[in-house]
Structure formats: structure tokens, C-alpha cells
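A structural walkthrough
In case you want the letters, here they are:
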Amino acid sequence: MSPYQSVRQLEVGGRSYRIHDFAGVAARFPIQRLPYSLKILLENLLRHADQPFVETRDIEALASWNAQAEPSEEIAFVPARVLLQDFTGVPAVVDLAAMRAAMQELSGSPAQINPLSAVDLVIDHSVMVDYFGSADAFARNTEVEVERNRERYQFLRWGQQAFQNFKVVPPGTGICHQVNLEFLAQAIYSREVDGVLHAYPDTLVGTDSHTTMINGLGVLGWGVGGIEAEAAMLGQPISMLIPQVVGFRLSGELAEGATATDLVLTVTQLLREHGVVSKFVEFYGPGLASLSLADRATISNMAPEYGATCGIFPIDKETIKYLQLTGRSSENIELVEAYSKALGLWHDEQTPEAEYSSRLDLDLATVVPSLAGPKRPQDRVPLADAAVHYSRLLDAEHQSRGERIAAAEMQAEGAAAARPASHLPEVQVELGGTSFTLRDGAVVIAAITSCTNTSNPSVMVAAGLLARNAAARGLQVKPWVKTSLAPGSKVVTEYLQRGGLLDDLEALGFYLVGYGCTTCIGNSGPLPEAIGQAVRQHQLTVASVLSGNRNFEGRIHPDVKTNYLASPPLVVAYALAGSMLVDLNRDALGSDAQGQAVYLKDIWPSVAEIHEVVSSHVAAGLFREKYADVYTGDSAWARLPVAGGQLYDWPDSTYVKLPPFFGAIDRQPAPVQPVEGARCLLKLGDSITTDHISPAGSIALESPAGQYLLEQGVSQADFNSYGARRGNHEVMMRGTFANVRLRNQLAPGTEGGWTHYFPDNQRLSVYEAAMRYAARQTPLVILAGKEYGTGSSRDWAAKGTRLLGVRAVIAQSFERIHRSNLVGMGVLPLQFKEGVSAETLGLTGEELFEIPTVSKGQKEVLVQADERSFTALVRIDTPNEYEYFHNGGILHYVLRRLASNSAAAELSQPAAVKPWWKFW
């Protein structure tokens, strides 16, 4: 019990709310200096001060936060709710169903496995762009989606009726983060418990790294692995270290022609260079006044790209304005303002600057139109330099193929370098009765997609107006460009329709293809066969341009080597240009009916034009109308049969299978064993992303996963994607480390999931080698460079690693979520000391590795690699994480706690949740 009496009543609109304020803590500590995000964490501790997982010293450690100190103080965080998308949500529900089965095996009550927090799962990751460029594309893609995913959708419908506090938003509705922003989030949460109305900050965790988008609304939340989210759903507090907080001061206003997308790409580059991994980022300053809530959400969305845990904006009058715009209730809006002002969470021009661990400054007026690529979102390229940049990229590509570009064939003018011309490989292609020449640099995918941008009316309207102006001048999209429009919610198409802009986008081929994450997550669908065949046969280096947030290697499409993030209007512009080698600042996009050259500047809409359309057609009524039946779904969803019962019957399915994680689980964990005689499965370089590790995108016929599906009687046409089959561990473990762009140094000269199997001196697939090692009972390790595990919060990057038999990953540095996920699956993350790497130690990956047993609280361990030895840092960062590791994973830990009669009785009530240290 905390000595800081924080409970008081707040009267708002004739209703009385119980809240926890800072008065008692503020009497002893200068909490007014705390950043906004830490005040939210402080309230969370005060509200749970009567729980055994919160101690007085936790509250005082946060209240006396040292901005410059390295994080070392552990606290517990209890989010108000959990957000799931279907790719990560299906395996989460599969695990819960498997835990129910395991609970019955342990003679416990399966009903104990039940979400205690509110959980929303939005089906948004399964629609693929099979059909495009026609008015019926949406209907046909949706029909295919439901048919492809029938088994997993039936499973989710079972989960909806089997679990309490669990809601499912059906397919064809929107992207989880945009639905969260526009509908689910409350900013300040209110809940009645035992007849008492409580109010507190809305907080959450989500199984998608872009959960941070909601930070734009002042809501603290971030992405976690599916296994960590499951524990939160089951009432376990999230253990975390009090973070450092980076302040990002914004000033000025965006200049004419610059968009929120350009701003976020600039912010991403600056913060990546600054270094904010595992830190909170807070935006403040006079520049906030010029940013709409949608602009803020665009910046917050890409927190994973700049590496931060969150990128949060405070609650202010713009927040209130957005809540009104999106049709939130008057009671909620009144509460948000009154509560925020009462607790000092409100931001205005009088708000004093908080204390931060470090600071950055950006004048918004300096932001210029930009792209990011060709394979990392932090690699910003100013639009003015894009053609030169791509020319140099092709130069390097040609050199690597022994095709050096002749300097004599390059043109130069001022600062603009040359662009290759006739010497490029040229392929004649016939498509739909049209003949054209396909060259290196061709833009073959132009996609308006992703929650990052489709949540922002200003950039979507800009794209529509640019399309209108282009069509009016007679411009057309090049015939080799696959165009698509995949908004994040139905509200987007409604205001585009009302503004007459949907017709303008369709005139250029940007027809609606679905509501959900498409191209951005690899669901770009196939290229027209004639184009795909030309690219593959002639090894063309072609490009995609998308309004997304991720462009890692192999993510967008296996045939597309280079991928660029850009604003929606620039996506349209590049579809018109048809090539990355066109300088949009200098080169004409085409000619009008009079033969006059048309440039981008001629058709780019002004800020005033954009504002006029937004203010006229984006209104609260749209949001109320489109979200009125958000949980209903269409007739195809309603017709899906639903199984009953608390236990899932696990029918024969290639989509959903009972996972092997629990097996013959005992009530007590076995002692942690040392790693002895381990072989290296992969030796990898820097910036290995979860896209390189976790299966994503299409399933190749010749891959181990493809061969498995063929053996199960599944035709290649029905393979679907790895994401859709995340509920089947047999598919996922076969696809782990199978990314077509993965380069394993143990298999030099190859790309894809290949490795060296040392006992027989053979080159095998990673999966086959791992299975042979498993048959010999040989444990495995992975060696890696810096930033291991960057990217999406994919739990299968850790699950697949564990199922392949990997006991430890030794890297120069880890991304936050993936390191946590490895621990959560019982895999030991070890980090080379500063200045040390596999290369400096002379490790080739051929060695036999020995790693002693790691004990609780141990910071370093001596690793033996044949005759060499080196000290590595143990990256089990908190005592709670060690208990997860000791148990073989976080779900094993939770299951064992629930299986004991006394613990189960206490954990069945949220108010009696105990932390790990109360059970041991």
C-alpha cells in the first residue's frame, strides 16, 4: 500500500469519477518537470498501488526520475486494453486456445485462460491485391480473401464467443491502427467497477509495432510481441525499465508543397541518427499548433522506424478538435479536457518545458518533399536528388553484375548528375494489347496504402487533387505500373467520393482494392505475368513507390528489388512518370492535348485547395455513420459457421494447428541448462530485420513451406501468404530465415534461406539443416551484427527461431521488441561488448560453442568458441524476464501460475494479480 493517498473525485458534466492525482507525490517530488509520458506511467503506478506488483519505491523512483541516468529501475505497467491485428492476433488466440488445452492437462480450469483486459482484434492484414485497376477489384479481392482465410476466420469467430472481453472487427472494415485512432481510443478511459465510475489515461499495447500511431492522440501505447500481449491479456503487468525520454521540439510551419509524409521521413532520419532505441520520444513546442491530429498520428505511427518505444504528443485543443471531428461522445470529450487539466496532462502555450534526457529541434519550414529507400525507412532521399540517387544505385548494381555504365553516356547539368539512357537493358513487353519497353528503374508498383498516410485526410485529398489535375491535362499512368488504393477505413473512400476525388483517382487506375494493410506488408499480390517474367528473366532492377512505413528487402514483392516510401500524391506522380530515373522537379511527366509539356509543379495542389476539400467533406457525421456497425461485417462473414465450447476441437487444417510449445508441461520448470557443443546455424551482418527472420509475403513453390503444403494436398494457387498461415507452426518454422534477400555468411554467394550443415559439409536449407541438427540433439546459436531484429513486432521471428532449435543469439545490438520476444520464447539473447564483433574475434561460424548456465541477475557470461573465449553481455534485462526465460517462455510461466489452485483463484480477479516475486 502506497503512503501517497491519491484518490479523489472529479466532477464532469454531472457525473462523478474516481481518479488518482499527483498531489501527494508532488508534495515531496518536483513532478511538474516530468515528461508527459512519464506522468502517465506515474498515474498507472498510483492507481495500482494497492497491488503487490507496485511498491512505494517504484513510485518514488519514477517521481525522482534522473533524465540522464541509464535505465535501471524496473516498474510494472498495466495497460487498459490490448489491440491485435489478425496476422499476429491469430497466433495469439491459437496460443490461448492451446493454453486452455494444456490447462486441462494440468487438471486446471480452462476458463482461467481468458482475457482480463479489453481486447480488440481487427482483421486487416489478410487482403491481397490480386485484382486492381477495375471497379470490381474491391469486391473480387474481398471474395478471394474470405475464401482463402475461411479456416482462420472461423477460428476467430470461435474465439469471439469462447473468450470474454474479446471483440473482432471483421474484414473489409479498416486497418487496426486507423480504426483505433478514429473509433476505439478514448484518450481518457472510463470504466465502471462495482458501481464506481473510474477515469484514467487510455493506455494499450498492441501486437503490431505501429500501435504507436495512437500516441498522436496523447495515448501511451506501443507494440509488443504476441506472447507478451497474451500475458497482458491474462492479467500480467508488463515489466519495464523507466526509460530515458528524448524531447523533440517543433517550430514553424510546413512550407507549400511539403506534406506530413515528408515531415515524418525527416523526423525518422533525424531520430535514427540521434539514437532512440528503447527510449520514449515526446514532441512539443510551438510547431504543434500548426500540425493537425492526423499529422501527429503520421509521425507517431513511424516510431518503430526511428527506433523508439513510442513517439507521443500531449493532449491539447487539437486533440479535442479531433475527438469532435471523429464523432466521439460529448461525455468523453468533456472528460478528456477536464481530466487532462486536473492532472497537469494538458498542453498549451503556457505549459513549461519538461526535463528530457536529450533534445532535438526541427523547424518545420525546412522540410522538403522526400522519399525513403531503397530498403530502409530511415534512408531519406530529397525528391530533388531522387533521380540522381537512383542512377547511382543502378551504377552500383551494374558494376556488381559486371556492367559498368559508360561515363560518356551520362548527361550532367549543374548539380544534377547523369541519368542512364539507352544502354540500360530493354525488354519489349506485350500486356493487355499494349506494347511497351521495360527498363531498369521502372516503377512497377504504385500503392496508396498503409495506416501511416491513409489516416491523414490532407495527403489523401492531395493525391486525389493531383490525380484530378493530371487527368484534366491528359496524363495517364504508364501501362507497366500496378496501381492500388487501400485506405485504412471506409471514412476515407466516403470523403473522397463526396469530394469527387475517387473518380479522379480511378481515372488514373487507382481503384479501391480493399480496406487493410496490403502492399506495405507484402500483400501486393502478383505482378502481371508478362511484367514479372520480364523482370526475372532479364534481372531488371525495378521499383515500387508506396505510401507506407516499411520497405525492407524482400518485403514488398520478391521481384522488386528497390522500394520507396512516399506521400500519396508522390505515389500518383511516380505512377505517371513510370520510372525512378525521371526527375520530378525537372522532367516533364508528359504532354497535354496541345503538346505542351506538363510538369509536377503544374498539377501539384496548393495547401488552400487541400484545406478547402478537407473542411468541406471530412465531418463527424461520416465517422458516426461508418463506425455504427463496425463489428457486424458483411454477409460472407456472417455466413461463416461458428464452433462452440470453451475448448477448440482443432480440426484438420493447414491454417490453424495445435502448437507444440507446451508439450508435456510440468507444474515446475526444469533447471536452466548450459548450451554445450552448439553449432552456428546462421552468421549474419548488420540490420537483420524481422522481415529477414520471420516468414512474410508469398510462399515459394520450391521452399520448404511450399513443399510441405503440397504434401498436405494444397495447390500452389491456394498457398496464400505466410502471414495468413501464422496459426500453423509447421508452415512458419519452415519459412523462418527463408527471406529471399537474406545473406547468410555460412553460405557465401547465396541469397535466401541457405546454410552450411557442418557434419556432412553440405549446403542445405536452414530448415532442413536445423532438423538434422535436432535429430543429432545438437543445440544451435546465431551470430549477428548491429540492430538485430529491427522492424515489425513479429512474434514468429522468435517462435520460429526457438522451434528451429536455436538456444542463443549473439549480436552486437538488438532492437527492443525482438530481444524481448526472444526472452519470451526461452531463447538467450547475448550481446558482444562495445567494439567487439564476430569479425574482431575472428569467428567464422565453424566453431563449437559453449555457454554456461545463466543465473538470475547475471550481467555477463563467458562464451567458449573452440579455442577462443569472449565475454558477452546477458540481455535478460529485468528480473521478470529471467523468470520467463527460466520457465522456457512467458506463456509457460503464466500457465504454471494459473495451474496452481491458489494462484488460479487469485489471478481470476484483476485486483488480485500477483507478480512473479510473490510466487517464488
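Just so you know, these numbers come straight off a predicted model, no measurement behind them.

Focus on the packing of aromatic side chains
Counting across every chain of the model gives 24 aromatic pairs. Ring geometry for F283 against F313: centres 4.8 Å apart, planes inclined by 15°, an arrangement best described as stacked. Linking F283 in strand 13 (residues 280-284) with F313 in the loop between strand 14 (310-312) and helix 12 (317-325), this pair joins segments that are 30 residues apart in sequence. In this structure F313 comes out as buried when scored by relative accessible area, which is 0%. Between F661 and W796 the ring centres are 6.1 Å apart and the planes differ by 45°, which places this aromatic pair in the tilted class.

Notes on the pairing of strand 7 (residues 188-193)
As paired elements, strand 7 and strand 8 (residues 196-201) share 6 bridges and run antiparallel to each other. Looking at the pairing, E192 lines up with L197 of strand 8.

Some words on the pattern of salt bridges
Close approach of charged atoms allows side chains of opposite charge to pair. Scanning the model with the defined rule gives 45 salt bridges in all. Note that D130 and R148 form a salt bridge whose closest N and O atoms lie 2.7 Å from each other. On the criterion of sequence distance, the pair formed by D130 in the loop between strand 5 (118-122) and helix 5 (137-148) and R148 in helix 5 is long-range, its members being 18 residues apart. With a shortest N-O distance of 3.5 Å, R741 and E751 are connected by a salt bridge. In this pair, R741 sits in the loop between helix 27 (729-735) and strand 27 (754-757) while E751 sits in the loop between helix 27 and strand 27, placing the two residues 10 residues apart along the sequence.

Side note on the environment of P759
Mapped onto the elements, P759 comes out in the loop between strand 27 and strand 28 (762-765). Spatially, the C-alpha atom of P759 lies 44 Å from that of M233, the residues being 526 residues apart in sequence. Beyond its immediate sequence surroundings of up to four residues, P759 is in contact with Y773 and R776.

Observations concerning the packing of helix 9 (residues 260-274) against helix 10 (residues 293-301)
Relative to each other, helix 9 and helix 10 sit at 35°, their axes nearing to 9 Å. Note on packing geometry: the crossing formed by helix 9 with helix 10 is right-handed. Counted together, A260, L263, V264 and V267 of helix 9 and D295, T298 and I299 of helix 10 form the full contact between these two elements. Taken together, the residues of the contact of helix 9 with helix 10 sort by class into 5 nonpolar, 1 polar and 1 charged.

Quick notes on the sheet that holds strand 10 (residues 220-223)
Strand order in this open sheet of 5 strands is 6-5-4-9-10, and the pairing throughout is parallel. Where the open sheet ends on each side, the last strands, each with one partner, are strand 6 (166-169) and strand 10. Going from strand to strand, the sheet's axes swing by 20° on average, the running direction of each strand aside. Of the strand pairs in this sheet, strand 4 (residues 81-85) and strand 9 (residues 203-206) are connected by 3 bridges, and their pairing is parallel. Each residue of the ladder has a partner; that of V82, found in strand 9, is V205.

Section: helix 9
Between its first and last C-alpha atoms helix 9 spans 21 Å; for 15 residues at 1.5 Å apiece the expected length is 21 Å, and the two agree. The buried count for helix 9 comes to 12 of 15 residues, which makes it a mostly enclosed element. Among the residues of helix 9, those classed as buried are A260, T261, D262, L263, V264, L265, T266, V267, T268, Q269, L271 and R272. Count one or two residues on from helix 9 and you reach G275, which has phi positive near 90°.

Some details on the sheet that holds strand 13
Two modes of strand pairing occur in sheets, parallel and antiparallel, and in both the strands are linked by backbone hydrogen bonds. On the basis of which strands lie adjacent, the open sheet formed by 4 strands has the order 14-13-12-15 and parallel pairing. Only two strands of the sheet have a single neighbouring strand rather than two, namely strand 14 and strand 15 (358-363). Direction aside, the axes of adjacent strands within the sheet are offset by 20° on average. By the bridge criterion, 3 bridges tie strand 13 to strand 14 in an arrangement that is parallel. Bridged to V281 within strand 14 is G311.

Thoughts on the pairing of strand 4
Buried residues dominate strand 4, accounting for 5 of its 5 residues. Where burial is concerned, the two faces of strand 4 agree: the one with R81, L83 and Q85 and the one with V82 and L84 are both buried. Where strand 4 meets strand 5, 5 bridges bridge the pair, whose relative direction is parallel. By the bridge assignment, Q85 is partnered in strand 5 with V122. Handedness of the crossover joining strand 4 and strand 5 through helix 4 (residues 86-105) is recorded here as right-handed.

A few points about unusual backbone geometry
In this model, G373 is joined to P374 through a cis peptide bond whose omega is 15°. Here P374 lies in the loop between strand 16 (370-372) and strand 17 (380-382). The phi dihedral of D194 falls on the positive side, at around 50°, and the residue is not glycine. Following the sequence through the fold, D194 ends up in the loop between strand 7 and strand 8. Residue classification places D194 among the exposed positions, given a relative accessible area of 79%.

Observations regarding the nonpolar core
Of all hydrophobic cores here, the largest spans 301 residues; its most connected members are Y306 and Y788. When residues of this core are assigned to their parent elements, the largest contribution, 10 residues, is made by helix 4. Ignoring anything within four residues of it in the chain, the contact list for Y306 reads V267, T268, L271, R272, V276, V281, F283, I299, S300 and G311.

Reading the values: rules and limits
Residues numbered from 1 in each chain as written. Predicted model: local features only at pLDDT ≥ 70, side-chain atom pairs only at ≥ 80, totals over all residues. Heavy atoms only, no water. Phe/Tyr/Trp six-rings, centres within 6.5 Å; stacked < 30°, edge-to-face > 60°. Helix = DSSP H or I, 4+ residues; strand = E, 2+ residues; numbered from the N terminus. Buried < 20%, exposed > 50% of the residue type's maximum accessible area, 1.4 Å probe, protein only. Pairing = 2+ DSSP bridges. Salt bridge = Lys/Arg side-chain N within 4 Å of Asp/Glu carboxyl O. Contact = heavy atoms within 4.5 Å. Axes fitted to C-alpha atoms, helices over the stretch in contact; angles between N-to-C directions. Left-handed = near helix turned anticlockwise from the far one by under 90°. Nonpolar A, V, L, I, M, F, W, Y, C, P; charged D, E, K, R; others polar. Expected span 1.5 Å × (residues − 1). Right-handed = clockwise from strand over helix to strand, strands pointing away. Core = buried A, V, L, I, M, F, W, Y, C linked by side-chain atoms within 4.5 Å.

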